[in-house]
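Chain by chain, the residues:
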Amino acid sequence: MAATDSVQDLHLVNLVKSFGDFVAVDDLTLTIPAGCGKTTTLRMVAGLEDPTGGQILLGSTDITNEKSYKRHVNTVFQSYALFPHLDIFENVAFGLRRRRIKDVTGPVTQMLDLVELGPMARRKPAQLSGGQQQRVAVARALINQPGVLLLDEPLGALDLKLRRQMQIELKRIQTEVGTTFVHVTHDQEEAMTMADTVAVMNRGRIEQMGPPVEIYELPRTAFVANFLGQSNTVEGSVAGKSGDDLVVSAYGASFTLPSARSTRTDGAILVGVRPEKLAIVASGAAVPDRHNRVTGKVTDASFTGVSTQYLVMTSWGDEWMVFEQNRSADILRPGDEVIVHWAPEHTFGLDVPAAA
Amino acid sequence: MPALAPTAGGSAVVVSGAAAQRRPRTAYLLLIPGLAWLGIFFVVPLVSLFFTSLQAPTDRAGVYQPAFQVGNYLTALQEYWPVFIKSFIYSGIATVLALVIAYPLAYFIAFRAGRWRALLLVLVVAPFFASFLLRTYAWRTILADEGFITSFFNALHLLPENRILNTPIAVVLGLTYNFLPFMILPLYAALERIDPRLIEAASDLYASPFTGFRKVIWPLSLPGVVAGTLLTFIPASGDYINATLLGAPSDRMVGNAIQTNFLQFRDYPIASALSFILMAIILAVVFVYIRRAGTEDLV
């Protein structure tokens, strides 16, 4: 599979899909990420759905109006959609045969070996386990060496253990063949583990796109901050600047953060920090100099072995989450008055989201 | 869904394993009414018919005595073989026509009808609300020599005999019409079970709509095609109403021959022999057909 030459960028330019009067995704809530437009986007790229506006470019070719069976894009369907009347071999060979490729035995055998299903070639899909069917679906799409491989929640139907296994498997296959995978998932952990680039979509729009580490460490919208991992946030307003830092006041406290880590430099602002960046100390203990601090009372402490997860009720009535590594044996108890503190450079500043 | 299937199958196996101990007796009890029905209304008449077919004539017309006259079958075949051939040609053409009409219709109802699906299915079976005989009579009016349809085709000079009624065309049309629902329903049932995402998957894998149909939809719908063609072909082969009402005397089918022998000539042995020959041929045809279609290979 020397597929490096078929690696192509996928560009979606102002792509819009509306159904009747309303835009595909506007009426759906954020908590059902399955409805935020990923599948529709994928189907438009695959050619199974016509975009209302915008362009789809594969490499530099506009494929917006190309029929799905002419596009050099293949899909791994959420339900796999394997052909039940054909055996595994014929399922995988389907695309090659349609393109009138003479010798299919070689490539199909090779592909089945890649997904470790060689011995299953003559079985029917119904005789395979979910994980095996999933691999057939990947093989069936991948054998065509598509410019882009689309995966629509390919692991959604698998149980947790199998899903972890398949994540590693998919990553291995992807590295081996080098094809661009567009992998849609609502599992944020899966997204971070598997992707080189993550695009977080909300209400049909890409909220943020970048490498997982970047998105996690510096989310640019409140939705991203809460969808990808957890965040503690507080609403405040920019009170001024000190050097490269912004000073924000909220509920009588003041926080500093680097201006570069904020999407706003004045007015209302949402200050946030990830739970594992926080340190928790008993009230009255020493706090490093420049650190931001929040006082509160522990409402819950759950010991998980590696770390302890605290819930801290802040003075303004929000509950913050703190992940503290268990480096010392003394665990704080619910009811303890505490100070939560963190370094300014771990803080991020966001636009306050419109009332949700 | 496919991923769920093995799990569901697995748990079903467990359930049936637990229920296996007390299942046989209940199952047999439940079989009794059906077996009794089959015994009284199918096996007994069939045996009686078989013995009738071997009876020999007596001095009095219409009265026969028990015998082992295998020659009845030869006589029946010698006299009626052209009628058999004609019957199978008529019902064969009617079956093909019904398939051609029913397939797109069933496809539409299964994949495209949306909320109209239930209504369309009701419309498919709606003819059953009126009597078979009445509906066939209605066709006499529709195909009448002065009727709109006949005039139309006559204007185009398309009719060899300048008429439709009392020709084989009317018989075949009648058969097609009367047995169409038996074609549509099994086809619909088979098509409805096909995951429409398979069509998308085929399209995604470089199959044009036509190829996708040929390679995915058609093979998956074969069980419905087999069931539908059998349910049309079998009753159509034995039908005599359509030939009686819509055809000329020369268009009589096997059903008519059996009917006349029973009711007019009162030649019960020949009529019974004809019935058995018809049954045997149909069984042979069905057997070969199912073997050919290879339905046991299909999911």
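Residues numbered from 1 in each chain as written. Chains lettered and ligands numbered in written order. Predicted model: local features only at pLDDT ≥ 70, side-chain atom pairs only at ≥ 80, totals over all residues. Heavy atoms only, no water.

> Quick question: what am I supposed to make of the side chain of Ser275(B) here?
All names here are of chain B. Looking at the element boundaries, Ser275 is found in helix 12 (residues 268-293). Among the residues examined, Ser275 registers a relative accessible area of 15% and is labelled buried. The contacts of Ser275, once residues within four sequence positions are left out, are Leu49 and Ile258. (Helix = DSSP H or I, 4+ residues; strand = E, 2+ residues; numbered from the N terminus. Buried < 20%, exposed > 50% of the residue type's maximum accessible area, 1.4 Å probe, protein only. Contact = heavy atoms within 4.5 Å.)

> Explain the pairing of strand 8 (residues 180-184) of chain A to me, please; I cannot follow it from the model alone.
It is a general feature of regular strands that their side chains alternate between the two faces of the sheet. Pairing of strand 7 (residues 148-152) of chain A with strand 8 of chain A, which is carried by five bridges, proceeds in the parallel orientation. Across the sheet, Leu151(A) pairs through a bridge with His183(A), a residue of strand 8 of chain A. (Pairing = 2+ DSSP bridges.)

> For this particular structure, what's the right way to read the sheet that holds strand 17 (residues 307-314) of chain A?
Hydrogen bonds between backbone atoms are what pair the strands of a sheet, whose relative direction is either parallel or antiparallel. Residue and element names in this part refer to chain A. One open sheet accounts for five strands, arranged 15-19-16-17-18; its pairing is antiparallel. Each edge of the open sheet is held by one strand with a lone partner, namely strand 15 (279-282) and strand 18 (319-325). The average angle at which neighbouring strand axes cross in this sheet is 45°, direction not considered. Taken together, the seven bridges between strand 16 (residues 292-303) and strand 17 define a ladder with antiparallel strand orientation. Looking at strand 17, one finds that Asp300 is bridged to Leu311. (Axes fitted to C-alpha atoms, helices over the stretch in contact; angles between N-to-C directions.)

> I would appreciate a short explanation of the sheet that holds strand 13 (residues 253-258) of chain A in the present structure.
Residues and elements named next belong to chain A. A sheet is described by the order of its strands in space; here five strands give the open sequence 13-12-11-14-20, paired in antiparallel fashion. Across the chains shown, the open sheet's two edge strands, defined by having one partner strand only, are strand 13 and strand 20 (348-350). Across the sheet, the mean angle separating the axes of adjacent strands is 45° when strand polarity is ignored. As judged from the five bridges shared by strand 11 (residues 232-242) and strand 12 (residues 245-250), these two strands associate in the antiparallel manner. Each bridged residue has a counterpart across the sheet, and for Gly240 the counterpart in strand 12 is Val247.

> Looking at this structure, I do not really get a nonpolar patch on the surface. What am I missing?
Where nonpolar side chains cluster on the molecular surface, the patch consists of Tyr28(B), Leu31(B), Leu35(B), Leu38(B), Phe42(B), Val43(B), Val47(B), Phe50(B) and Phe51(B) and spans about 890 Å² of accessible area. Exposure remark for Phe50(B): the relative accessible area of 35% places this residue in the partly exposed category. (Patch = residues over 30% accessible without salt bridge, like charges linked within 9 Å, V, L, I, M, F, W, Y side chains within 5 Å. Areas by Shrake-Rupley, 256 points an atom, 1.4 Å probe, with all protein chains shown as cover. Salt bridge = Lys/Arg side-chain N within 4 Å of Asp/Glu carboxyl O.)

> Quick question: what am I supposed to make of the packing of helix 11 (residues 254-263) of chain B against helix 12 of chain B here?
Residue and element names in this part refer to chain B. The N-to-C vectors of helix 11 and helix 12 enclose an angle of 155°; their axes lie 7 Å apart at closest approach. Classified by the angle between their axes, helix 11 and helix 12 sit roughly antiparallel to one another. The element helix 11 and its partner helix 12 pack so that their crossing is left-handed. Two secondary-structure elements touch here, helix 11 through Val254, Ala257, Ile258, Asn261 and Phe262 and helix 12 through Tyr268, Ile270, Ala271, Ser272, Leu274, Ser275 and Leu278. Residue composition of the contact of helix 11 with helix 12, by class: nine nonpolar, three polar and no charged. (Parallel < 35°, antiparallel > 145°, perpendicular 65-115°, else oblique. Left-handed = near helix turned anticlockwise from the far one by under 90°. Nonpolar A, V, L, I, M, F, W, Y, C, P; charged D, E, K, R; others polar.)

> Which parts of the structure should I look at to understand unusual backbone geometry?
Peptide bonds are mostly trans, and most non-glycine residues show a negative phi. Of note in this structure, Glu116(A) is not a glycine but carries a positive phi near 55°. Positionally, Glu116(A) belongs in the loop between helix 3 (105-114) and helix 4 (130-142). In this structure, His157(B) takes a positive phi of about 55° despite not being glycine. Examined against the element boundaries, His157(B) turns out to sit in the loop between helix 6 (148-155) and helix 7 (168-192). His157(B) sits in the exposed class, given a relative accessible area of 70%.

> Sorry if this is basic, but what is going on with the interface of chain B and chain A here?
The extent of an interface is frequently quoted as the accessible surface area lost upon association of the parts. The interface of chain B with chain A comprises 24 residues on the first partner and 30 residues on the second. With both sides pooled, the region where chain B packs onto chain A buries about 2,300 Å², and carbon together with sulfur makes up 64% of that total. When the area that chain B buries against chain A is broken down by residue, the three leading residues are Asp204(B), Leu205(B) and Tyr206(B), summing to 34%. One salt bridge connects Glu200(B) with Arg43(A), and the closest N-O pair in it is separated by 2.7 Å. Across the chain B-chain A interface, the total number found is eight residue pairs in polar contact (both at pLDDT 80 or more). Where the side of chain B that touches chain A is concerned, the elements lending two or more residues are helix 8 (197-204) and helix 9 (209-238) of chain B. It is helix 8 of chain B that provides the largest number of residues to the side of chain B that touches chain A, a total of seven residues. Residue composition of the side of chain B that touches chain A, grouped by class: 15 nonpolar, three polar and six charged. (Buried area = accessible area lost by both parts, 1.4 Å probe. Polar contact = N/O pair within 3.5 Å; in protein donor to acceptor, adjacent residues only side chain to side chain.)

> Just checking my understanding: could you explain the nonpolar core for this structure?
One broad trend across soluble globular proteins is that nonpolar side chains are buried collectively. With 44 residues, the main nonpolar core has Phe83(A), Phe94(A), Tyr103(B), Leu187(B), Leu191(B) and Val216(B) as its most contacted residues. The leading source of residues in this core is helix 3 (residues 71-112) of chain B, at nine residues. Other than its neighbours up to four places away in sequence, Leu191(B) contacts Tyr103(B), Ala106(B), Tyr107(B), Ala110(B), Phe111(B), Ile217(B) and Ser221(B). Ranked by size, the runner-up nonpolar core spans 35 residues in total, among them Leu82(A), Val92(A), Leu142(A) and Leu158(A). (Core = buried A, V, L, I, M, F, W, Y, C linked by side-chain atoms within 4.5 Å.)

> Is there a simple way to explain the environment of Ile89(B) in this structure?
Residues and elements named next belong to chain B. Mapped onto the elements, Ile89 comes out in helix 3. We classify Ile89 as partly exposed; its relative accessible area is 44%. For the pair Ile89 and Phe50, spaced 39 residues apart in the sequence, the C-alpha separation amounts to 26 Å.

> Would you mind showing me how to read the confidence of the model for chain A here?
All names here are of chain A. Scored by pLDDT, chain A has a mean of 82; 89% of the residues are at 70 or more. For chain A, the element scoring lowest by mean pLDDT is strand 3 (residues 22-23), at 32; helix 2 (residues 88-98) scores highest, at 95. Contacts from residues 1-7, a stretch scored under 50 in pLDDT, to residues over four places away or in other chains number 14 contacts. (pLDDT = per-residue confidence, 0-100.)

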